[in-house]
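# Observations on chain architecture
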Amino acid sequence: MPIRFQKECESGAQLLVWKADETELELLAMLPSSVLTEADLEEIKLAPKRKEFLASRVAIRYLANQLNIIFSGIKKDKHGKPYLVNSSWQMSITHSRDFMAVIMHPTNPVGIDIERPQKKMWKIMSRLYTDQEIEDIDENLERMSIYWSAKEALYKLYGKRGTDFKENLKIHKHSSGLFGEIDMPDYQKSHTVKSQRIEDYILVWVV
């Protein structure tokens, strides 16, 4: 398994980034039939999406096994947030092309996102960022990508629909680093934002 990055965070979260070089058949062979059904794959028509789906499951299973978590598969709750079946561990997953990343924590909700910085991100700045965030980004494409992924990760951590990325998910820059604020009627909390460059991509996670 081509692991590109693995880390145990101070918060107790566990991270894994894996680049999927295997074929679809090779990935299928790594997953027991008890955690993957034909119906799961039949819903995914495009071959690249099937590979992403399989690779993410393989990566999750690998990390779960390392943490002595019995892997019984992945399901989604009523909001579409994925969770580990028959486990209290919290998790979040992300993928971009061949890169898969997963973060797990024994008790606390977590979020993760991986993206390659792209200039097209500038086109939607006003829809995603506050004036202060735009000032902090200061035409820096890598910083823009980190803020983008931080909001994606916060959204995954919160895990409910109806979230406005500009109004409800805000990034604050302090001397000690970045913090992400979730401001929803049922949830108001600040989370630490961390990032790591992985080849041409930037990985961001929140805990």
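Our subject is the structure that appears above.
Please read all numbers here as calculations on a predicted model, not as lab measurements.

Thresholds, definitions, all that
Residues numbered from 1 in each chain as written. Predicted model: local features only at pLDDT ≥ 70, side-chain atom pairs only at ≥ 80, totals over all residues. Heavy atoms only, no water. Helix = DSSP H or I, 4+ residues; strand = E, 2+ residues; numbered from the N terminus. Buried < 20%, exposed > 50% of the residue type's maximum accessible area, 1.4 Å probe, protein only. Contact = heavy atoms within 4.5 Å. Areas by Shrake-Rupley, 256 points an atom, 1.4 Å probe, with all protein chains shown as cover. Lys, Arg positive; Asp, Glu negative; His and termini not counted. Charge placed at Lys NZ, Arg CZ, Asp CG, Glu CD. Pairing = 2+ DSSP bridges. Axes fitted to C-alpha atoms, helices over the stretch in contact; angles between N-to-C directions. 1 Å grid on protein atoms, 1.4 Å probe; cavity = no way out; pocket = protein on both sides within 12 Å on 5 of 7 lines; lining within 4 Å. Points joined across faces, edges and corners; volume = space filled by probe spheres on them. Nonpolar A, V, L, I, M, F, W, Y, C, P; charged D, E, K, R; others polar. Expected span 1.5 Å × (residues − 1).

This paragraph deals with the overall build of the protein chain. When its secondary structure is counted, the protein chain shows 6 helices and 11 strands. Seen through its principal axes, the protein chain has C-alpha atoms that stretch 50 × 35 × 30 Å. Taken over 207 residues, the protein chain has a buried fraction of 47%. Within the protein chain, contacts between residues separated by at least 24 positions form 50% of all contacts whose residues are at least 6 apart in sequence. When the accessible surface of the protein chain is split by element, carbon and sulfur atoms take 47% of a total near 11000 Å². Each charge class in the protein chain was averaged separately, 30 positive and 30 negative side chains, and the resulting centres sit 2 Å apart.

On to the sheet that holds strand β11 (residues 201–206). The sheet built from 5 strands is open, its strands ordered β7-β11-β10-β9-β8 with antiparallel pairing. Two strands lie at the open edges of the sheet, namely β7 (111–115) and β8 (169–174), each paired on one side alone. Averaged over all pairs of adjacent strands, the angle between strand axes in this sheet comes to 25°, irrespective of strand direction. Contacts from helix α6 (residues 141–158) reach β7, β8, β9 (177–184), β10 (187–198) and β11 within the one sheet, and its direction differs from that of β7 by about 145°.

Moving on, we get to the pairing of β10. Of the pairings in the sheet, the one linking β9 to β10 comprises 7 bridges and is antiparallel in character. If you follow Asp183 over to β10, its bridge partner there is Gln188. Connecting β9 to the antiparallel partner β10 that follows it, the hairpin turn spans 2 residues. For β10 and β11, the ladder comprises 6 bridges, and the chain directions are antiparallel. What sits directly across from Arg197, in β11, is Ile202. Taken together, β10 and the strand that follows it, β11, pair antiparallel across an intervening segment of 2 residues, in which Glu199 is found at a positive phi of about 55°.

Once that is clear, we can look at the layout of surface pockets. Size it by volume and the largest pocket reaches roughly 890 Å³. If you trace the largest pocket, you find 32 residues lining it, with Arg57, Lys76, Gly80, Pro82 and Ile93 closest to the centre. Tallied by class, the residues present in the lining of the largest pocket amount to 10 nonpolar, 11 polar and 11 charged. What lines the second largest pocket is Lys7, Cys9, Glu10, Ser11, Thr192, Lys194, Trp205 and Val207. Taken together, the residues that form the lining of the second largest pocket break down as 3 nonpolar, 2 polar and 3 charged.

Between its terminal C-alpha atoms α6 stretches 26 Å, which fits the 26 Å expected from 18 residues at 1.5 Å a residue. Taken as a whole, α6 has its buried residues at Met144, Ser145, Ile146, Tyr147, Trp148, Ser149, Ala150, Lys151, Ala153, Leu154, Leu157 and Tyr158. Of the residues one or two after α6, Gly159 is the one with positive phi, at around 80°.

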